[in-house]
Structures are given as structure tokens and as C-alpha cells.
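The primary structure of each chain is shown beneath.
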Amino acid sequence: MGFTLGIESTAHTFSFGLCDSSGHPLPSMSSFIRPEQGGIHPREAADHHVAHSGELLHQLLAKNRLPPEDITAVAFSQGPGLGPCLRIGAAVARTLSREWNVPLVGVNHCVAHIEVGREVCGCNDPVLLYVSGGNTQIIARLDGRYRILGETLDIGIGNMLDKFAREQGIPFPGGPRVEVLAEEWISANPDCGLSDYELPYAVQGMDLAFSGLLTAARHMVLKGKPLGAVCWSVQEHAFAACVEVAERALAHTGKNEVLLGGGVACNQRLRDMCSLMASERSAESFVPEKMYCVDNGSMIAVLGRLQLLHGKSTEPRNSAINQHLRTNETPILWS
Amino acid sequence: MQAWVSERIIHVGAEAEVGLGTYLGQPAIAKIRRPRGWRHPELDARLTRRRMMAEARLLTKLARAGLPVPLIQDFDIAASRLIMTLLPGRPLIEHLRDSNSVQSAESVLVESGELVRRLHRQGITHGDLSTNNILYCHQQGASLIDFGLSRITEEVEDFGIDLHVMHEILGASHPDHGQAMEWIIKGYLSVDGEHGPPPFAGGGPLPSAEEVVLRLKDIMTRVRYHG
């Protein structure tokens, strides 16, 4: 077995990545669309993916000095995600698989976040806190599937951060800027009290909700509270809720590893909270490097290789995308 | 003499440590909410205080209404410690995983569904209906513990969410019991037939069991990528 090529195109990011024959990922080559205003427009994002796919593939192969003959499988995100975007990745994958005459493997995007985390962090049986723009899920493996123990009942946490930021004139993606503003505020005002910036804390068992917090934060800014303080309070409340449900999942399942994944897992405050939580209950916390937290092609390659090793390639006639693919629909055949 | 004598920690939960011991010589449970270092101290204090107050207040209310819940023995907010009577039985999670269980999974789940409806008929949600928080004993039936996220409400949405938490946990932790939620709902729906329409709560009329189950189905379509 040579290298597996992975293609990611579920939302704003189009990315090619590789993993080697032992399953280790190599850095991806990615491009993502930054809308001038508003959120992601699925068709415009798909157009972006079409425009960039060719050059990205050439760049990836050139950077790794890899002739196409060394690629022995092509994996792609089959779902979940935005339909028009997924279709581009799937079409590119079918074409390459046919052109190079190598197997095609359709994979579950959410499961790829878990498997790349397990691969690069070396954890075994974690509870995954999967926090991205569209998704906020608490996942754990049981009986050959990754099961969803809890999830957001309205918007994803990244979506909440981006929406809040957008209304303050911060362009997409707003999450990283919210993080900087929060950090600057608390460094300049280390004695700032959180009770002056109280926001809703929506934990329902292991489920979460963020739309109430978004509305309350918006009102807080309208009432004239400093933006940095509100950013800080939003992070403190929203991340604490996520980490609390992760801790509930650890207690419920009896597992002792927690793994962070998804774009919001790049946030340092969330990383710190998660590792503190784990150490307080003698568990271990794992966070992949940022390039493997955000959407990337390498994670698709990692999962594609695993599936192929267990005989799960995808016939072209079964390679239609599935926008609604749920985490627990994918059988996990490996240990 | 010390009123509370601790024996051992039996569970390290996400919110609290649960210790087994005796209170005035009788078997009892102590729930101690330790500060969460990862959470901002003010937020942590606010949540701990609110949850502890809610738990003590609602447990008292439910015990008066005759529901099988622990009785409060001692309440110490400074120490974040709640002492309660020890209930018999094992958590549902163990019953469902024990294939040698005397009682069938169906009868245990139907009875649990009935108990959840009896709770909701008090105008109270549990807030964390995981299979760890329902105890089952062959002699005395089902009982409920851990009311830290419990609240008073008359909104159909709140009761629907309560059942949704249960639906997700049953699907995730007990995939071998595919009908588990149907059995819970069967029990949930049976109670109104027996006891008549739900009583009027402080804030308004309580939703019927049918209305709550209908809302549950609506909530199930809100999560990502439902079928």
C-alpha cells in the first residue's frame, strides 16, 4: 500500500491531504472561502472549490515530490455537509480514482475528525468533544459505532461565535478574532468579574443550546458593555458548557480519555479548560495540532485508509453524497 | 458524635462526588460539589449554588408528593454538601447491560417511563435523565436521583427536552435495546389514562403526555442529520 489521498469539501474548505502506508497524516493543502459579508453561500463555496481543486492537487504532489503512481487510494468526504460543496469533492474523487485506477473510498467527515485525532495524539478510546461551525457533539465509541451522547439542539458553537462576531463587524471566520478580543480584555482587566457579564448557560443533561446565549450577548453589546468583555464572557460560558457535557460523558461512560476536535478546538481557552477538567478527574486530555482540528484532507485520507484495510471501498454507483450522514451510521471495524 | 460518617466514594460524577456513609447511624449518601477549577470561579459558584438550592428544594417537594426520591437529611451550602437517604436498587444502566436480570428490560423501562411522567405531572423536569440517574430495585421498583439540573416549569418544550436527553442516552449507551425509547414512551403515556389529566401547576396548565411526546418527536428533528 502506498499513499492515500483524502479530499475534504463539506463546507467552506476545499482540501487535499495524504496519509502514508502506516496511517500517519501529512500536512494538507487547503483553500477556504471567506465571504465578503454574511455566512457561507453553498453555491458560491462550491464554485470556489471548483476553481481551486486543480492547483491544490498539483501543489500537494509537488510539495511532497510525489508522483501520482504512489497514490494507491482516493478517499473523500461523503457527508455530512453542504450538498453543492460535497458534490465537488465527490466528483473530483471519482475522476482521480478512475484516472489512476485506484480504489475510491467515501468516508464520514465527523468520524474522520475522531480518527485523525486518535492517530496523531495516540489515544485509544476517548470521549470526543467535537466543536466546529456546524457541529457540536459529544461522541463515544460503543458496540462498533461512534455514538452521539449529546449535541447542540440549535446552532453549532462555531456558528454562534461567527454570528456574534459578524454582527460586530468582524468578518468570517469570527471565532479566532473573538478569542483575541477576549484574551486582550482579560489581560488588561485581570480583576474583571464575570457576574457583571452574566449569560445563559444551556446544559440539558448532555445536550447543549447556544442561540439564547447569542441573543443575550448581542443585547449586552447593545447596552454598551465593552466588546472585549462580552467576547470574554461568551467564551467563558459557552466553553464551560461544552466541557461540562464532556465531563458528564466521561462520568457516564466510565472512559478516561477526552479528545478535542473540530475548528473551535483551535481555541486556546477551550484547550486549557479541557485539559484542566481531565487532570482534575485523573483522566487524560488530547488535542491534535490545529491543522488537524480544522477541516483538512489528511483526516479524510487517514479514515479512508482504515476503511480500505477493512475491505470497505466505495463502488462509483454507491458514491453519491449524503448531506445528512450521522456520526453513528458508520460501522467502525477497526480497533 | 459526628452526624455524618463517610465510608467511601462510590461515584465521581461531572458535578459532584457521591459518598456512601451513615448519617446519625443510618445508611446515607453525601453529594459533595467540588469546585471545578476549569470553570471561572464566579460562574462555578453561581452554578453550584443554584443547582444545590434547586436540588434540595425540588427533592423536598417531590418527596411530599410521594415520588420515590431521596429524602434530604442535611444541607450545608458552605461545604457544598447535601446528605440524603440511600435508595435501594441499581442504576438502569446496569440492569440494561445485565442479560441475567430477573425483570425484563421492557417492564423496567415501561416503569421508568411511568415514573418520569409522574415527575412531569408535578410540573418539574429532571434535566439529566441518563440511565445512571434512574435506580431500579426488584422489590420497590424505580426511583429517581440526581436533581441538580431539575427545574419547575409548565412549558411543553422543557418536558420534551427532558425526554430527548433520555432518547439520546438510550440510543448511545444501549444500542442493543432498540425499542428502549418506545417502552419509555409507553409507560409515559399510560399514566394520564390512569390518573386523569395533569393537575394545574403554579404557572399554568401542564401539557398532557401526548403533547409532550409530540414535542419530543419535533425536537428529534432539530439535531444534526437526523434520518
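Residues numbered from 1 in each chain as written. Chains lettered and ligands numbered in written order. Predicted model: local features only at pLDDT ≥ 70, side-chain atom pairs only at ≥ 80, totals over all residues. Heavy atoms only, no water.

Enquirer: Summarise helix α6 (residues 211–222) of chain A; cite the residues concerned and give the values.
Expert: Spanning 12 residues, α6(A) covers 17 Å between terminal C-alpha atoms, matching the ideal 16 Å at 1.5 Å per step. In this structure, the buried side of α6(A) is in contact with α4 (157–167) and α7 (227–253) of chain A. (Helix = DSSP H or I, 4+ residues; strand = E, 2+ residues; numbered from the N terminus. Expected span 1.5 Å × (residues − 1). Contact = heavy atoms within 4.5 Å.)

Enquirer: Kindly report on the packing of helix α5 (residues 180–195) of chain B against helix α6 (residues 209–220) of chain B, identifying the contributing residues and their values.
Expert: Residues and elements named next belong to chain B. Where α5 contacts α6, the two axes come as close as 9 Å, and the packing angle between them is 155°. Accordingly, the angle class assigned to the pair α5 and α6 is roughly antiparallel. Contact with α5, carried on its side by Met 181, Ile 185, Tyr 188, Leu 189 and Asp 192, involves Ala 209, Glu 210, Val 212, Val 213 and Leu 216 of α6 and no other residues of that element. Class assignment of the residues belonging to the contact of α5 with α6 gives a composition of eight nonpolar, no polar and two charged. (Axes fitted to C-alpha atoms, helices over the stretch in contact; angles between N-to-C directions. Parallel < 35°, antiparallel > 145°, perpendicular 65-115°, else oblique. Nonpolar A, V, L, I, M, F, W, Y, C, P; charged D, E, K, R; others polar.)

Enquirer: Tell me about the nonpolar core, and please be specific about residues and values.
Expert: Residues and elements named next belong to chain A. Ranked by internal contacts, the top residues of the largest apolar core, which has 65 residues, are Val 131, Ile 157 and Met 160. With 15 residues, α7 is the largest single contributor of residues to this core. Beyond its immediate stretch of four places on either side in the chain, Val 131 contacts Thr 136, Ile 157, Cys 242, Leu 260, Gly 261, Gly 262, Gly 263, Val 264, Ala 265 and Leu 270. (Core = buried A, V, L, I, M, F, W, Y, C linked by side-chain atoms within 4.5 Å. Buried < 20%, exposed > 50% of the residue type's maximum accessible area, 1.4 Å probe, protein only.)

Enquirer: Describe the domain arrangement of chain A, naming the residues involved and giving the relevant values.
Expert: Residues and elements named next belong to chain A. The domains assigned to chain A are domain 1 (3–114 + 292–329) and domain 2 (125–290). Just the C-alpha atoms count here: the centres of domain 1 and domain 2 sit 27 Å apart. Where domain 1 abuts domain 2, roughly 1800 Å² becomes buried across the two surfaces, and 65% of that area is made up of carbon and sulfur atoms. Among the residues domain 1 hides against domain 2, the three largest losses belong to Ile 114, Cys 293 and Asn 328. Together they make up 34% of the total. There are one salt bridge connecting domain 1 and domain 2. Of the charged contacts, one joins Arg 326 and Glu 151 as a salt bridge, the two residues approaching to 2.9 Å between their closest N and O atoms. Summed over the shared surface of domain 1 and domain 2, the result is 11 residue pairs in polar contact (both at pLDDT 80 or more). Elements that contribute at least two residues to the side of domain 1 that touches domain 2 include exactly α3 (109–121) and α9 (290–293). (Domains from an automatic or database assignment. Buried area = accessible area lost by both parts, 1.4 Å probe. Salt bridge = Lys/Arg side-chain N within 4 Å of Asp/Glu carboxyl O. Polar contact = N/O pair within 3.5 Å; in protein donor to acceptor, adjacent residues only side chain to side chain.)

Enquirer: If you had to explain the domain arrangement of chain B to someone new, which residues and values would you point to?
Expert: Residue and element names in this part refer to chain B. Domain assignment breaks chain B into domain 1 (4–85) and domain 2 (90–226). For domain 1 versus domain 2, the distance between C-alpha centres works out to 22 Å. Surface buried jointly by domain 1 and domain 2 totals about 1300 Å² across both partners, of which 68% is contributed by carbon and sulfur atoms. The largest contributions to the domain 1 side of the interface with domain 2 come from Leu 58, Leu 67 and Pro 68, which together make up 38% of the buried area. Asp 146 serves as the salt-bridge partner of Lys 31, at 2.5 Å between the closest nitrogen and oxygen. Where domain 1 packs against domain 2, one counts three residue pairs in polar contact (both at pLDDT 80 or more). When residues of the side of domain 1 that touches domain 2 are assigned to their parent elements, the largest contribution, seven residues, is made by helix α1 (residues 41–64). Looking at the side of domain 1 that touches domain 2, its residues break down into nine nonpolar, one polar and six charged.

Enquirer: Provide a residue-level description of the interface of chain A and chain B, including the pertinent values.
Expert: At the junction of the two partners, chain A supplies 48 residues and chain B supplies 42 residues. A combined buried area of about 3600 Å² lies between chain A and chain B, and 51% of that area is made up of carbon and sulfur atoms. Our count for the chain A to chain B interface comes out at eight salt bridges. Here chain A is connected to chain B by 20 residue pairs in polar contact (both at pLDDT 80 or more). Counting residues per element, the ones that place at least two in the side of chain A that touches chain B are β7 (136–142), β8 (145–151), β9 (203–204), α7 and α8 (268–280) of chain A. Looking at the side of chain A that touches chain B, the element that brings in the most residues is α7(A), giving 10 residues. Across the side of chain A that touches chain B, the residue classes break down as 20 nonpolar, 14 polar and 14 charged.

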